[in-house]
Amino acid sequence: MTQRTAVVTGASSGIGEAAARQLAADGWHVVLGARRLDRLEALAAEIGGTALALDVTDPESVEAFCDAVPEVSLLVANAGGAFGTTSVADASDEEWLRMYDVNVLGTLRTVRGLLPKLVASGDGQVITLGSIAALEPYPGGAGYNAAKHAVKALTRVLRLEMKGQPIRVSEIDPGLVETEFSMVRFDGDKDRADKVYEGMTPLVAQDIAEAISWVASRPAHVNIDSMLIMPRAQVSAQVVHREL
């Protein structure tokens, strides 16, 4: 059988990197997209994949990336992130626009660009990476909540619009996963980032990668519409049992 191709965005670290490794181990040829091309090239060499520069906030970059992918059966739309924890009263337009651009428009641009090739594969699949933030708003998270709620809406509408097409659409919503996420959100403040996971055992990127692998490996007639994955210690967006 011809090796099938999976595209993973945001593949230079965290969940994206772990997903790329797992899918390659499962037998996929993985096309990795992210801005940090040096990291991508090292990872691609290790797993036998293809590294392509991608900035999901730049329409021209996304177009060039999608044009460079000759065929694809699976898209893992993982690129995203949170910036800041300001209240609605003190909200920064710049932070909100950055979150909307990378999470929502970035997902839209990538899905839209690769959708014809996914359909043409005869058994295509889109897996978007959401968050518990898409299900539960919380104080200080309005901008990220809004962005991830929009990703959930986009994913659901895509599922509806693909009715009758040979394509599956899924969303995976993680809770607390210890990656670079909090370091980015807190602008490199390691102490503040570490406190997010203090006194509890968070998920790790590999936990989500294995879920992606499982969803992608279901038979063509099986669609996992959504999956919420939480650490045992986390029971809602901001309710966490900590051993302090």
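Residues numbered from 1 in each chain as written. Predicted model: local features only at pLDDT ≥ 70, side-chain atom pairs only at ≥ 80, totals over all residues. Heavy atoms only, no water.

Colleague: Explanation requested: the pattern of salt bridges in the structure shown.
Modeller: Should their charged atoms come close, side chains of opposite charge can pair. Scanning the model with the defined rule gives 13 salt bridges in all. Ionic pairing is found between Arg-156 and Asp-225, a salt bridge with its closest N-O pair at 3.1 Å. Taken together, the residues Arg-156 in helix 5 (residues 142-161) and Asp-225 in the loop between helix 8 (205-216) and strand 7 (226-229) connect sequence positions 69 residues apart. With a relative accessible area of 32%, Asp-225 lands in the partly exposed category. With a closest N to O distance of 3.2 Å, Asp-225 and Arg-159 form a salt bridge. One end of the pair, Asp-225, is in the loop between helix 8 and strand 7; the other, Arg-159, is in helix 5, with 66 residues separating them in the sequence. Residue Arg-159 is classed as partly exposed on the basis of its relative accessible area of 28%. Shared partners join several salt bridges into a network, and the residues in it are Arg-4, Asp-123 and Arg-168. (Salt bridge = Lys/Arg side-chain N within 4 Å of Asp/Glu carboxyl O. Helix = DSSP H or I, 4+ residues; strand = E, 2+ residues; numbered from the N terminus. Buried < 20%, exposed > 50% of the residue type's maximum accessible area, 1.4 Å probe, protein only.)

Colleague: What's the story with helix 3 (residues 59-68) in this structure? I'm lost.
Modeller: Helical periodicity: at 3.6 residues per turn, an α-helix aligns residues three or four positions apart in one direction. All of the buried residues in helix 3 are Ser-61, Val-62, Phe-65 and Cys-66. In a view along the axis of helix 3, the buried residues occupy a sector of 130°, so they form one face of it. The exposed residues of helix 3 that point more than 90 degrees off its buried face are Glu-60, Glu-63 and Asp-67. (Arc of directions from axis to C-beta.)

Colleague: Just to check I follow, could you spell out the sheet that holds strand 1 (residues 5-9) for this structure?
Modeller: Sheet strands pair via backbone hydrogen bonds, and the direction of the pair is either parallel or antiparallel. The 7 strands lie next to each other as 3-2-1-4-5-6-7, forming an open sheet whose pairing is parallel. This sheet does not close on itself; its edge strands, each paired only once, are strand 3 (50-53) and strand 7. The sheet shows a mean angle of 15° between the axes of neighbouring strands, taken without regard to direction. As paired elements, strand 2 (residues 29-34) and strand 3 share 4 bridges and run parallel to each other. Directly across from Leu-32, in strand 3, lies its bridge partner Ala-51. Here helix 2 (residues 37-47) sits on the sheet and contacts strand 2 and strand 3; the angle it forms with strand 3, its principal contact strand, is near 165°. Here helix 5 sits on the sheet and contacts strand 5 (124-129) and strand 6 (167-174); the angle it forms with strand 6, its principal contact strand, is near 160°. (Pairing = 2+ DSSP bridges. Axes fitted to C-alpha atoms, helices over the stretch in contact; angles between N-to-C directions. Contact = heavy atoms within 4.5 Å.)

Colleague: What's the story with the pairing of strand 6 in this structure? I'm lost.
Modeller: On any regular strand, side chains alternate: one points to one face of the sheet, the next to the other face. With 8 of 8 residues buried, strand 6 is to be regarded as a mostly interior element. Note that strand 5 and strand 6 share 6 bridges and pair parallel. Paired with Val-126 across the bridge in strand 6 is Val-169. Handedness of the β-α-β unit built from strand 5, helix 5 and strand 6 comes out right-handed. Alignment of strand 6 against strand 7, held across 4 bridges, turns out to be parallel. (Right-handed = clockwise from strand over helix to strand, strands pointing away.)

Colleague: What is the right way to read helix 1 (residues 14-25) from this model?
Modeller: The first and last C-alpha atoms of helix 1 sit 17 Å apart over 12 residues, in line with the 16 Å expected at 1.5 Å per residue. For helix 1, the complete set of buried residues consists of Ile-15, Gly-16, Ala-18, Ala-19, Ala-20, Gln-22, Leu-23 and Ala-24. (Expected span 1.5 Å × (residues − 1).)

Colleague: Which parts of the structure should I look at to understand empty space enclosed by the protein?
Modeller: In this approach, a probe sized like a water molecule rolls over the atoms, and the result shows the empty space that is left. The full count for this structure, using the stated rule, is 1 cavity of 30 Å³ or more. The wall of the largest cavity is formed by 13 residues, among which Gly-84, Thr-86, Met-99, Gly-140 and Gly-143 lie closest to the centre. Sorting the residues of the lining of the largest cavity by element identifies helix 4 (93-120) and helix 5 as the ones contributing at least two each. For the lining of the largest cavity, the residue count by class is 5 nonpolar, 6 polar and 2 charged. (1 Å grid on protein atoms, 1.4 Å probe; cavity = no way out; pocket = protein on both sides within 12 Å on 5 of 7 lines; lining within 4 Å. Points joined across faces, edges and corners; volume = space filled by probe spheres on them. Nonpolar A, V, L, I, M, F, W, Y, C, P; charged D, E, K, R; others polar.)

Colleague: Can you walk me through the nonpolar core in this structure?
Modeller: Nonpolar side chains in soluble globular proteins tend to end up buried together. Counting 34 residues, the largest nonpolar core has Val-30, Leu-32, Ile-172, Ile-208 and Ile-212 as its most contacted members. Those elements giving two or more residues to this core turn out to be strand 1, helix 1, strand 2, helix 2, strand 4 (74-77), strand 5, helix 8 and strand 7. In terms of residue count, the dominant contributor to this core is helix 8 (7 residues). Residues contacting Ile-208, with those up to four places away along its chain left out, are Ile-15, Leu-129, Ile-172, Pro-174, Val-177, Leu-203 and Ile-229. (Core = buried A, V, L, I, M, F, W, Y, C linked by side-chain atoms within 4.5 Å.)

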